[in-house]
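# Survey of secondary and tertiary structure
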Amino acid sequence: MDFDFDWVDAFTDQVFGGNGCAVVHGGAGLPDELCMAYVRETSLVECTFTGPSEVADFRVKYYLASREIPFAGHPTIATVAALRHRGLIGEGPLRLETGAGIVEVEVRGSQIAMTQIAPVFGEEVPADLVAKVGGVAPGDIIAPPQVVSTGLPFCITVLRSRAALEGLKLNPKALGAYNAHLGQGSDMMEPFWVTLEGATAAGNTYARLLLAPPSPAEDPFTGSATGAMAAYLWARGLIESPNFVAEQGHLMGRPGRAEVEVLGRRDAITGVRVAGQGRVVMSGQVFMPEVTWP
(Lines give C-alpha, C1' and ligand atoms only; values in the text may rest on other atoms or scores of the structure.)
Protein backbone atom coordinates (compact mmCIF):
# COMPACT_ATOMS: atom_id res chain seq x y z
CA MET A 1 0.00 0.00 0.00
CA ASP A 2 1.40 3.36 -1.05
CA PHE A 3 0.61 6.64 0.68
CA ASP A 4 1.86 10.15 0.04
CA PHE A 5 3.61 11.83 2.98
CA ASP A 6 5.03 15.21 3.92
CA TRP A 7 7.62 15.74 6.64
CA VAL A 8 6.98 19.14 8.21
CA ASP A 9 8.82 21.19 10.84
CA ALA A 10 6.19 22.97 12.93
CA PHE A 11 6.31 26.12 15.07
CA THR A 12 9.22 27.48 13.06
CA ASP A 13 9.76 29.66 10.01
CA GLN A 14 12.76 27.63 8.87
CA VAL A 15 13.53 24.00 8.14
CA PHE A 16 15.42 22.04 10.81
CA GLY A 17 13.82 24.14 13.55
CA GLY A 18 10.78 23.58 15.74
CA ASN A 19 9.31 20.09 15.90
CA GLY A 20 9.11 17.60 13.04
CA CYS A 21 6.06 15.54 12.12
CA ALA A 22 5.43 13.20 9.21
CA VAL A 23 1.91 13.50 7.79
CA VAL A 24 0.62 10.39 6.01
CA HIS A 25 -2.19 11.44 3.69
CA GLY A 26 -5.13 9.04 3.55
CA GLY A 27 -3.70 6.79 6.27
CA ALA A 28 -6.34 7.30 8.97
CA GLY A 29 -7.74 3.82 8.37
CA LEU A 30 -4.44 2.02 8.98
CA PRO A 31 -4.18 -0.29 12.03
CA ASP A 32 -2.74 1.12 15.25
CA GLU A 33 0.30 -1.18 15.29
CA LEU A 34 1.28 -0.15 11.77
CA CYS A 35 0.95 3.55 12.60
CA MET A 36 3.08 3.17 15.74
CA ALA A 37 5.69 1.22 13.79
CA TYR A 38 5.84 4.06 11.29
CA VAL A 39 6.44 6.60 14.08
CA ARG A 40 9.27 4.45 15.44
CA GLU A 41 10.75 4.20 11.94
CA THR A 42 10.86 8.00 11.62
CA SER A 43 12.32 8.51 15.15
CA LEU A 44 9.94 11.46 15.48
CA VAL A 45 7.85 12.07 18.59
CA GLU A 46 4.53 12.01 16.71
CA CYS A 47 3.08 11.45 13.27
CA THR A 48 -0.40 12.03 11.88
CA PHE A 49 -2.63 10.09 9.52
CA THR A 50 -5.40 11.88 7.67
CA GLY A 51 -8.68 10.79 6.14
CA PRO A 52 -12.18 11.91 5.22
CA SER A 53 -14.62 13.08 7.87
CA GLU A 54 -18.41 13.25 8.01
CA VAL A 55 -18.36 16.06 10.62
CA ALA A 56 -15.36 18.18 9.61
CA ASP A 57 -13.13 18.94 6.63
CA PHE A 58 -10.60 16.22 7.50
CA ARG A 59 -10.10 13.52 10.09
CA VAL A 60 -6.70 13.45 11.81
CA LYS A 61 -5.31 10.60 13.92
CA TYR A 62 -2.28 11.24 16.14
CA TYR A 63 0.29 8.62 17.15
CA LEU A 64 3.29 8.39 19.44
CA ALA A 65 5.70 5.49 19.09
CA SER A 66 3.82 3.73 21.88
CA ARG A 67 0.14 4.60 21.40
CA GLU A 68 -2.53 6.71 19.75
CA ILE A 69 -3.35 9.98 21.50
CA PRO A 70 -6.48 12.11 21.01
CA PHE A 71 -4.78 15.37 20.05
CA ALA A 72 -1.39 17.02 19.67
CA GLY A 73 -0.43 20.58 18.88
CA HIS A 74 2.63 20.61 16.64
CA PRO A 75 1.25 17.74 14.49
CA THR A 76 -1.90 19.82 13.93
CA ILE A 77 0.19 22.72 12.61
CA ALA A 78 2.22 20.26 10.54
CA THR A 79 -0.87 18.54 9.13
CA VAL A 80 -2.44 21.82 8.01
CA ALA A 81 0.86 22.95 6.46
CA ALA A 82 1.05 19.63 4.58
CA LEU A 83 -2.54 19.89 3.35
CA ARG A 84 -1.83 23.37 2.05
CA HIS A 85 1.45 22.28 0.46
CA ARG A 86 -0.50 19.74 -1.60
CA GLY A 87 -3.17 22.25 -2.59
CA LEU A 88 -5.89 20.47 -0.63
CA ILE A 89 -6.81 23.62 1.31
CA GLY A 90 -6.36 27.36 0.93
CA GLU A 91 -6.54 30.29 3.31
CA GLY A 92 -9.43 30.64 5.72
CA PRO A 93 -11.17 28.48 8.33
CA LEU A 94 -10.73 24.73 8.59
CA ARG A 95 -12.27 22.10 10.87
CA LEU A 96 -10.41 18.95 11.92
CA GLU A 97 -12.00 15.90 13.48
CA THR A 98 -9.70 14.61 16.26
CA GLY A 99 -10.00 12.24 19.18
CA ALA A 100 -10.46 15.29 21.41
CA GLY A 101 -13.32 16.68 19.31
CA ILE A 102 -13.49 19.26 16.54
CA VAL A 103 -10.48 21.57 16.37
CA GLU A 104 -11.01 24.91 14.65
CA VAL A 105 -8.07 26.16 12.55
CA GLU A 106 -7.52 29.43 10.72
CA VAL A 107 -4.95 29.79 7.92
CA ARG A 108 -3.74 33.30 7.13
CA GLY A 109 -0.64 33.70 4.98
CA SER A 110 2.12 31.60 6.52
CA GLN A 111 0.45 31.58 9.95
CA ILE A 112 -1.64 28.61 11.12
CA ALA A 113 -3.75 29.17 14.24
CA MET A 114 -5.57 26.38 16.06
CA THR A 115 -8.12 27.00 18.78
CA GLN A 116 -7.77 24.35 21.46
CA ILE A 117 -10.82 23.43 23.52
CA ALA A 118 -11.66 24.94 26.90
CA PRO A 119 -9.22 23.68 29.54
CA VAL A 120 -10.09 20.94 32.00
CA PHE A 121 -8.30 21.55 35.29
CA GLY A 122 -7.50 18.30 37.07
CA GLU A 123 -5.78 17.40 40.30
CA GLU A 124 -2.85 19.17 41.87
CA VAL A 125 0.15 16.85 42.13
CA PRO A 126 2.53 17.01 45.12
CA ALA A 127 5.51 19.18 44.23
CA ASP A 128 8.02 16.76 45.73
CA LEU A 129 6.69 13.93 43.56
CA VAL A 130 6.95 15.99 40.37
CA ALA A 131 10.34 17.47 41.31
CA LYS A 132 11.89 13.99 41.50
CA VAL A 133 10.79 13.28 37.92
CA GLY A 134 12.98 16.12 36.64
CA GLY A 135 15.75 15.89 39.22
CA VAL A 136 15.08 19.35 40.69
CA ALA A 137 14.46 20.51 44.25
CA PRO A 138 10.83 21.01 45.32
CA GLY A 139 11.77 24.61 46.12
CA ASP A 140 12.52 25.17 42.42
CA ILE A 141 8.78 24.80 41.75
CA ILE A 142 7.03 28.12 42.40
CA ALA A 143 3.36 27.16 41.94
CA PRO A 144 1.32 24.01 42.63
CA PRO A 145 1.82 21.51 39.78
CA GLN A 146 -1.56 20.74 38.25
CA VAL A 147 -2.93 18.46 35.55
CA VAL A 148 -4.48 20.55 32.78
CA SER A 149 -5.85 19.46 29.41
CA THR A 150 -6.90 21.34 26.30
CA GLY A 151 -7.15 18.03 24.46
CA LEU A 152 -4.25 16.11 26.03
CA PRO A 153 -3.42 16.20 29.78
CA PHE A 154 -0.11 17.48 31.11
CA CYS A 155 1.05 18.28 34.63
CA ILE A 156 2.00 21.95 34.28
CA THR A 157 5.03 22.67 36.48
CA VAL A 158 6.41 26.21 36.79
CA LEU A 159 10.09 26.49 37.68
CA ARG A 160 11.87 29.35 39.38
CA SER A 161 14.53 29.99 36.75
CA ARG A 162 15.89 29.20 33.33
CA ALA A 163 18.85 27.50 35.03
CA ALA A 164 16.51 25.06 36.78
CA LEU A 165 14.71 24.39 33.49
CA GLU A 166 17.93 23.72 31.59
CA GLY A 167 19.23 21.46 34.38
CA LEU A 168 16.32 19.00 34.16
CA LYS A 169 17.12 15.32 33.82
CA LEU A 170 14.42 12.66 33.56
CA ASN A 171 14.40 10.09 36.38
CA PRO A 172 12.67 6.93 35.07
CA LYS A 173 12.05 5.49 38.54
CA ALA A 174 10.46 8.74 39.73
CA LEU A 175 8.41 8.89 36.53
CA GLY A 176 7.06 5.45 37.39
CA ALA A 177 5.97 6.69 40.82
CA TYR A 178 4.41 9.77 39.20
CA ASN A 179 2.45 7.60 36.74
CA ALA A 180 1.33 5.30 39.55
CA HIS A 181 0.05 8.29 41.53
CA LEU A 182 -1.96 9.59 38.57
CA GLY A 183 -3.23 6.14 37.61
CA GLN A 184 -2.81 3.98 34.55
CA GLY A 185 -4.95 3.78 31.45
CA SER A 186 -5.07 7.54 30.81
CA ASP A 187 -3.60 9.74 28.11
CA MET A 188 -1.42 11.46 30.72
CA MET A 189 1.87 12.74 29.39
CA GLU A 190 5.13 13.48 31.21
CA PRO A 191 5.31 16.77 33.22
CA PHE A 192 5.51 19.95 31.16
CA TRP A 193 8.12 22.25 32.66
CA VAL A 194 8.01 26.01 32.10
CA THR A 195 9.71 29.14 33.36
CA LEU A 196 8.39 32.69 33.14
CA GLU A 197 11.21 34.04 31.03
CA GLY A 198 11.87 33.46 27.36
CA ALA A 199 14.70 31.59 25.75
CA THR A 200 15.25 34.80 23.77
CA ALA A 201 14.34 38.44 24.29
CA ALA A 202 11.25 37.87 22.13
CA GLY A 203 9.77 35.19 24.39
CA ASN A 204 7.65 35.35 27.53
CA THR A 205 7.85 31.68 28.51
CA TYR A 206 10.38 28.91 27.91
CA ALA A 207 9.45 25.26 28.30
CA ARG A 208 10.69 21.68 28.03
CA LEU A 209 9.07 18.25 27.78
CA LEU A 210 11.30 15.28 28.63
CA LEU A 211 10.00 11.97 27.29
CA ALA A 212 10.36 8.32 28.21
CA PRO A 213 11.22 5.52 25.71
CA PRO A 214 10.24 4.49 23.10
CA SER A 215 9.80 8.20 22.28
CA PRO A 216 12.87 10.39 21.69
CA ALA A 217 14.38 11.87 24.87
CA GLU A 218 12.82 15.32 24.44
CA ASP A 219 10.10 17.05 22.46
CA PRO A 220 11.34 20.16 20.60
CA PHE A 221 7.98 21.99 20.74
CA THR A 222 4.73 20.84 22.32
CA GLY A 223 1.70 22.73 21.05
CA SER A 224 -0.92 20.87 23.09
CA ALA A 225 1.02 21.41 26.32
CA THR A 226 1.55 25.06 25.39
CA GLY A 227 -2.23 25.52 25.33
CA ALA A 228 -2.66 23.78 28.69
CA MET A 229 0.22 25.80 30.15
CA ALA A 230 -1.27 29.08 28.90
CA ALA A 231 -4.62 28.30 30.52
CA TYR A 232 -2.90 27.42 33.80
CA LEU A 233 -0.78 30.60 33.87
CA TRP A 234 -3.74 32.86 33.01
CA ALA A 235 -6.13 31.21 35.49
CA ARG A 236 -3.60 31.48 38.33
CA GLY A 237 -2.63 35.08 37.59
CA LEU A 238 0.97 34.18 36.73
CA ILE A 239 0.88 36.17 33.49
CA GLU A 240 -0.41 39.72 33.13
CA SER A 241 -1.70 39.40 29.57
CA PRO A 242 -3.59 36.57 27.85
CA ASN A 243 -1.44 37.19 24.76
CA PHE A 244 2.19 36.10 24.86
CA VAL A 245 5.02 34.36 23.00
CA ALA A 246 5.92 30.81 24.04
CA GLU A 247 9.36 29.37 23.24
CA GLN A 248 10.72 25.82 23.39
CA GLY A 249 13.45 23.68 21.83
CA HIS A 250 16.35 26.15 22.01
CA LEU A 251 18.50 23.92 24.23
CA MET A 252 18.14 21.19 21.58
CA GLY A 253 19.20 23.47 18.74
CA ARG A 254 15.63 23.36 17.34
CA PRO A 255 14.15 26.71 18.38
CA GLY A 256 10.36 26.91 18.26
CA ARG A 257 7.91 29.74 18.80
CA ALA A 258 4.15 30.14 19.14
CA GLU A 259 1.87 33.14 19.41
CA VAL A 260 -0.57 32.32 22.20
CA GLU A 261 -3.91 33.85 23.21
CA VAL A 262 -6.04 32.60 26.11
CA LEU A 263 -9.72 33.23 25.36
CA GLY A 264 -12.02 34.38 28.14
CA ARG A 265 -11.71 35.66 31.70
CA ARG A 266 -9.30 34.07 34.15
CA ASP A 267 -12.22 32.27 35.81
CA ALA A 268 -14.06 31.40 32.58
CA ILE A 269 -11.57 30.35 29.90
CA THR A 270 -13.32 29.22 26.72
CA GLY A 271 -10.30 28.04 24.74
CA VAL A 272 -6.69 28.76 23.82
CA ARG A 273 -5.49 29.97 20.45
CA VAL A 274 -2.01 28.71 19.56
CA ALA A 275 -0.49 29.90 16.29
CA GLY A 276 2.71 29.12 14.44
CA GLN A 277 4.22 28.34 11.08
CA GLY A 278 5.18 25.10 9.39
CA ARG A 279 7.84 24.30 6.79
CA VAL A 280 7.78 21.22 4.57
CA VAL A 281 11.19 19.52 4.72
CA MET A 282 10.59 16.56 2.40
CA SER A 283 7.81 14.78 0.57
CA GLY A 284 7.44 11.34 -0.91
CA GLN A 285 5.70 8.01 -0.67
CA VAL A 286 5.38 5.53 2.16
CA PHE A 287 5.34 1.88 1.15
CA MET A 288 3.31 0.24 3.90
CA PRO A 289 3.22 -3.55 4.26
CA GLU A 290 0.03 -5.30 3.31
CA VAL A 291 -2.42 -5.70 6.17
CA THR A 292 -5.66 -7.55 6.70
CA TRP A 293 -8.50 -5.06 6.89
CA PRO A 294 -11.28 -5.60 9.44
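Anything mentioned here points back to the structure above.
Residues numbered from 1 in each chain as written. Predicted model: local features only at pLDDT ≥ 70, side-chain atom pairs only at ≥ 80, totals over all residues. Heavy atoms only, no water.

Attention shifts here to the overall build of the chain. When its secondary structure is counted, the chain shows six helices and 18 strands. Rg of the C-alpha trace for the chain: 18 Å, near the compact-globule value of 19 Å for 294 residues, within the 12% margin. The proportion of buried residues among the 294 residues of the chain is 54%. Here the analysis covers contacts within the chain between residues at least 6 apart in sequence; of these, 65% occur between residues at least 24 apart. Of the roughly 11800 Å² of accessible surface on the chain, a fraction of 52% belongs to carbon and sulfur atoms. (Helix = DSSP H or I, 4+ residues; strand = E, 2+ residues; numbered from the N terminus. Rg over C-alpha atoms; globule rule 2.2 N^0.38 Å. Buried < 20%, exposed > 50% of the residue type's maximum accessible area, 1.4 Å probe, protein only. Contact = heavy atoms within 4.5 Å. Areas by Shrake-Rupley, 256 points an atom, 1.4 Å probe, with all protein chains shown as cover.)

So, about the pattern of salt bridges. Where charged atoms from two side chains of opposite charge come close, those side chains can pair. Under the counting rule described, the total for this entry stands at 13 salt bridges. One salt bridge in this structure joins Asp9 and Arg254, with 3.1 Å as the shortest N-O distance. Residue Asp9 is found in strand E1 (residues 2-10), and its partner Arg254 is found in the loop between strand E15 (243-248) and strand E16 (256-265); the two are separated by 245 residues along the sequence. Ionic pairing is found between Glu106 and Arg108, a salt bridge with its closest N-O pair at 2.7 Å. For Glu106, a relative accessible area of 26% gives the class partly exposed. Here Arg108 falls in the partly exposed class, since its relative accessible area comes to 46%. A cluster of three or more residues bridged by salt bridges with shared partners is formed by Asp4, Asp6 and Arg86. (Salt bridge = Lys/Arg side-chain N within 4 Å of Asp/Glu carboxyl O.)

Core analysis: the biggest nonpolar cluster contains 57 residues, and Val105 and Ile156 have the highest contact counts within it. If sequence neighbours within four positions are ignored, Ile156 has contacts with Pro144, Pro145, Gln146, Val148, Phe192, Val194, Ala225, Ala228, Met229 and Tyr232. Leu129, Leu168, Ala199 and Leu210 belong to the second-largest nonpolar core, a separate cluster that totals 23 residues. (Core = buried A, V, L, I, M, F, W, Y, C linked by side-chain atoms within 4.5 Å.)

The element strand E4 (residues 58-63) is largely enclosed, with a buried count of five among its six residues. As defined by bridge partners, strand E3 (residues 47-51) adjoins E4 across five bridges and the pair is classed as antiparallel. Bridge assignment links Thr50 to a residue of E4, and that residue is Val60. When E4 meets strand E5 (residues 68-69), the two strands line up antiparallel, connected through two bridges. From the neighbouring strand, Tyr62 faces E5, where its bridge partner is Ile69. (Pairing = 2+ DSSP bridges.)

Attention shifts here to the packing of helix H3 (residues 127-134) against helix H5 (residues 172-182). Two elements in contact, H3 and H5, have axes whose closest approach is 8 Å; the angle formed by their N-to-C orientations is 145°. Note on packing geometry: the crossing formed by H3 with H5 is left-handed. Contact with H3, carried on its side by Leu129, Val130, Lys132 and Val133, involves Ala174, Leu175, Ala177, Tyr178 and His181 of H5 and no other residues of that element. Of the residues in the contact of H3 with H5, the class split is seven nonpolar, one polar and one charged. (Axes fitted to C-alpha atoms, helices over the stretch in contact; angles between N-to-C directions. Left-handed = near helix turned anticlockwise from the far one by under 90°. Nonpolar A, V, L, I, M, F, W, Y, C, P; charged D, E, K, R; others polar.)

With respect to the helices and strands, the residue Gln116 is situated in strand E8 (residues 111-116). Separated by 2.5 Å, the side chains of Gln116 and Thr150 make a polar contact. Setting aside chain neighbours within four positions, we find Gln116 in contact with Phe71, Thr150, Gly223, Ser224, Gly227, Ala228, Gly271, Val272 and Val274. (Polar contact = N/O pair within 3.5 Å; in protein donor to acceptor, adjacent residues only side chain to side chain.)

On to the packing of aromatic side chains, then. The description of an aromatic ring pair uses the distance of the two centres, along with the angle that the planes make with each other. By the definition in use, this model includes five aromatic pairs. Between Phe154 and Phe192 the ring centres are 6.2 Å apart and the planes differ by 65°, which places this aromatic pair in the edge-to-face class. A residue pair is termed long-range when its members are at least 10 positions apart, and Phe154 in strand E11 (residues 153-159) and Phe192 in strand E12 (residues 192-195) qualify at 38 residues. With a relative accessible area of 1%, Phe154 lands in the buried category. Through successive ring pairs, a cluster of aromatic residues spans Tyr38, Phe49 and Tyr63. Note that Arg266 overlies the ring of Trp234, its terminal NZ or CZ placed 3.8 Å from the centroid. (Phe/Tyr/Trp six-rings, centres within 6.5 Å; stacked < 30°, edge-to-face > 60°. Lys NZ or Arg CZ within 6 Å of the ring centre and 35° of its normal.)

Within the secondary structure layout, Thr76 lies in helix H2 (residues 73-85). Within the structure, Thr76 has its side chain in polar contact with the side chain of Tyr62 (distance 2.8 Å). Residue contacts for Thr76: discarding those within four places in its chain leaves Tyr62, Phe71, Leu96, Val105 and Met114.

This next bit is on helix H1 (residues 32-42). Every buried residue of H1 is listed here: Leu34, Cys35, Met36, Tyr38, Val39 and Thr42. Backbone geometry just downstream of H1 places Ser43 in the positive-phi region, at approximately 65°.

Turning our attention to the environment of Met114. Among the structural elements, Met114 can be located in strand E8. Take Met114: its relative accessible area is 0%, and that puts it in the buried class. Considering only alpha carbons, one finds Met114 and Ser161, 47 residues apart in sequence, at a separation of 29 Å. Beyond its immediate chain neighbours, meaning those up to four positions away, Met114 contacts Phe11, Phe71, Gly73, Thr76, Ile77, Val103, Glu104, Val105, Gly223, Val272, Arg273 and Val274.

Taken by themselves, the reported measurements are silent on function.
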